[in-house]
Structure formats: C-alpha cells, structure tokens
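The chain contents come next:
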Amino acid sequence: MGRMDDKVAIISGGARGMGAEEVRLFAREGAKVVFGDILDELGQQVEADCRAEGLDVAYAHLDVTSEDDWRAIVALAEERYGKLDALVNNAGISISVEGGARNISLEDTSVEQWDRVMDINSKGVFLGTRAAIPAMRRAGGGSIINISSIAGMTGAWSRSHPYNASKGAVRLFTKATAVQHAREGIRANSVHPGPIMTPMSESTYADPEVAAQRLALVPLGRRAHPIEVAYGVLYLASDEASFVTGAELVIDGGCIAQ
Ligand code: NAD
C-alpha cells in the first residue's frame, strides 16, 4: 500500500531540485503524477527515469505565469488520469542566483527583478490554485501545498527583498485558500524550507565564506537533502493530513526557532 494510492497530483517546477524529488516520492507512493516546468529537457529526463522505474508520471511544459499552461496541465491530469486530488505549487526563483552568492540590497533591486520574482513565486501560486480548484471540486475535495520558505516568515534569511515578499504572500494566500475552500473538502497548507541542497542554492553555498556564515545559523548545522522536504509535502498531500489545513510546516533544521 502506498501513501498516495489512487491519487492524482500536479507538481510545478518538477524538472529538478525539490520538485523532481516530490515527483519521484509521490509516484513511488502510488500517485499518478503530472508535472510541469520550463526546463523541458530536464523534465523529460525525469519522466523517462520515473517510467523506467515503472512509475506513472507525465511531463508537460508549464510556465507558472501562463494561464493557458495551467488550464492545459489541469485538463491533462483529468483527461489522462480522470481527476485531480493534489497540487504542489513548488516552482520558484531567487534573483540572487543570477546576482551571485551575495544578497541583493533593496537599493540594487530593479523593478524588473521585483516583477519577475513576484510573477513566478506569487502570481504563479495564485494561477495554479485558481486553475486547480474546479477540478478538485469535481473530485470531491483535494489538497494544495504551496512551497513558501523561512524567508516568507522572517527577514533574517533575506537574500533579496522580492523573494521575501513573494514567499510571505504565498504564506497568507494559502491561509485564505484554506478558509475559503474548507467546506468543499479542499485543504491548503504552506511548507517553509530552510537551506536545502538544490540547484537554486548552489551559487550561494559555492562561496565558502557565505556558506560558513549561513550554516552557522542552522542549529542542525547543515543543509537538508530535498527528500527531507518531500516527505513533509507528501504528508500534507495524503489523507494522513485530513484535519490539517491553513497550517505552516517549517522544515529548516531549527533556523527560525532561535
Ligand atoms: P530549483 O531551482 O532547483 O527548482 C525550481 C524549479 O522551478 C526549476 O526546475 C525551475 O526551472 C522551475 N521554474 C522556475 N521558473 C518557472 C516557471 N516560470 N514555470 C515553471 N517552472 C519554473 O530550486 P528548489 O530549491 O528545488 O526550489 C523549489 C522551491 O523551494 C522554490 O519555490 C524555492 O523558492 C523554494 N525554496 C528553496 C529553498 C532552498 O534552499 N533551495 C529554501 C526554501 C524554499
């Protein structure tokens, strides 16, 4: 018995990092998984690897800022697998990746950077949720998991202001969704990872000075593997979390407990 048997899930940003880990974990636990990304080659590789393992997954191009792409991927899930039970809004960007290891100050932040981060990290979650709700209603309920960050709860982990703002928006958008759709059996929760070993954070931790400074702030003294977040996301997506909605799951090695 898998923890996601008979469930159909959509995961955004599933071509690499935490999203790819969630695709594999959900499918290994019995879910049928439709996942999307803008990195099509990587996404198709994840799809091929999963299928070689006997897992039932389908990759589709998905730019989370596109209403049309969201409409298409929800339709794909319903046409191919008959319904939609879970949505993981995982896709996200951090502008400091392009700006190198250092934090970007408020005064160095351009309007274009602000708009891009807010579009992908916040508007993308809104568009995904809005597209998924009617399908979840047709399925008789569902679970939405929005990947925020500890940077959505405190300014201490700021690498760029728009990143904090976008992740803070995700945190409260999730609660509004939870409250509004609870009576339809649709749950919504946010996940707040601390430092995780994914391509997004590589440039930061490649700088030994920055890495040492950051790891000194982590009580468990290390970065996490993506699977350590994926298990939390899996719990929230599964029926094990049937009374959990509007909650914040912090997976951060103790960072914000200090
Ligand atoms: P990652 O860069 O490895 O993966 C993010 C994925 O999102 C990539 O595959 C990327 O192509 C995709 N993506 C970017 N823009 C997109 C768009 N417009 N449409 C669709 N897909 C798009 O990073 P990750 O660390 O795995 O990040 C996953 C989530 O976790 C993000 O929301 C990130 O903000 C959040 N997060 C990461 C950390 C960390 O330390 N790595 C910590 C807290 C929160």
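In this text, all values refer to a predicted model and were calculated from it rather than measured experimentally.

Q: Before we go on, may I ask you to explain the packing of aromatic side chains in this structure?
A: The relative placement of two aromatic rings is captured by the distance of their centres and the angle of their planes. This structure, assessed with the given rule, holds two aromatic pairs. When the centroid spacing of 5.3 Å and the interplanar angle of 65° are considered together, the rings of F35 and Y59 count as edge-to-face. Highlighted residues: F35 in strand β2 (residues 32-37) and Y59 in strand β3 (residues 57-61), separated in sequence by 24 residues. Between F126 and F173, the aromatic rings sit 6.5 Å apart at their centres with planes inclined by 80°, giving edge-to-face as the arrangement. Note that F126 is positioned in helix α5 (residues 111-139) and F173 in helix α6 (residues 161-181), a separation of 47 residues in sequence. Given a relative accessible area of 32%, F126 falls into the partly exposed group.

Q: Is there a simple way to think about α6 in this case?
A: Each α-helix turn comprises 3.6 residues. Residues three or four places apart therefore point the same way. With 21 residues, α6 extends 30 Å between its outermost C-alpha atoms, agreeing within 8% with the 30 Å of an ideal straight helix rising 1.5 Å per residue. The set of residues buried in α6 consists of P162, Y163, N164, S166, K167, V170, T174, T177, A178 and H181.

Q: Any chance you could explain α5 here in plain terms?
A: End to end, α5 covers 40 Å across 29 residues, agreeing with the expected 42 Å (1.5 Å per residue, within 8%). For α5, the principal kink sits at D119 and spans about 40°. Count one or two residues on from α5 and you reach G140, which has phi positive near 90°.

Q: Could you clarify how one ought to interpret the pattern of salt bridges in this entry?
A: Close approach of charged atoms lets side chains of opposite charge pair. What the rule picks out here adds up to 15 salt bridges. Between D85 and K83 there is a salt bridge, and its shortest N-O distance comes to 3.1 Å. On the basis of relative accessible area, D85 is assigned to the buried category, the value being 9%. Classification of K83 by relative accessible area gives partly exposed; the value is 28%.

Q: I'm lost on the packing of helix α7 (residues 199-206) against helix α8 (residues 208-215) in this one. Help?
A: Between two packed helices, the angle of one axis relative to the other and the distance separating the axes together describe the packing. Running from amino to carboxyl end, α7 crosses α8 at an angle of 105°, the nearest separation of the two axes being 5 Å. Overall, the two elements α7 and α8 adopt an arrangement that is roughly perpendicular. For the pair α7 and α8, contact is made by T204, Y205 and A206 and by P208, V210, A211, R214 and L215, respectively. In the contact of α7 with α8, the residues fall into six nonpolar, one polar and one charged.

Analysis parameters
Residues numbered from 1 in each chain as written. Predicted model: local features only at pLDDT ≥ 70, side-chain atom pairs only at ≥ 80, totals over all residues. Heavy atoms only, no water. Phe/Tyr/Trp six-rings, centres within 6.5 Å; stacked < 30°, edge-to-face > 60°. Helix = DSSP H or I, 4+ residues; strand = E, 2+ residues; numbered from the N terminus. Buried < 20%, exposed > 50% of the residue type's maximum accessible area, 1.4 Å probe, protein only. Expected span 1.5 Å × (residues − 1). Bend = angle between axes of the 7 residues up to and from the residue. Salt bridge = Lys/Arg side-chain N within 4 Å of Asp/Glu carboxyl O. Axes fitted to C-alpha atoms, helices over the stretch in contact; angles between N-to-C directions. Parallel < 35°, antiparallel > 145°, perpendicular 65-115°, else oblique. Contact = heavy atoms within 4.5 Å. Nonpolar A, V, L, I, M, F, W, Y, C, P; charged D, E, K, R; others polar.

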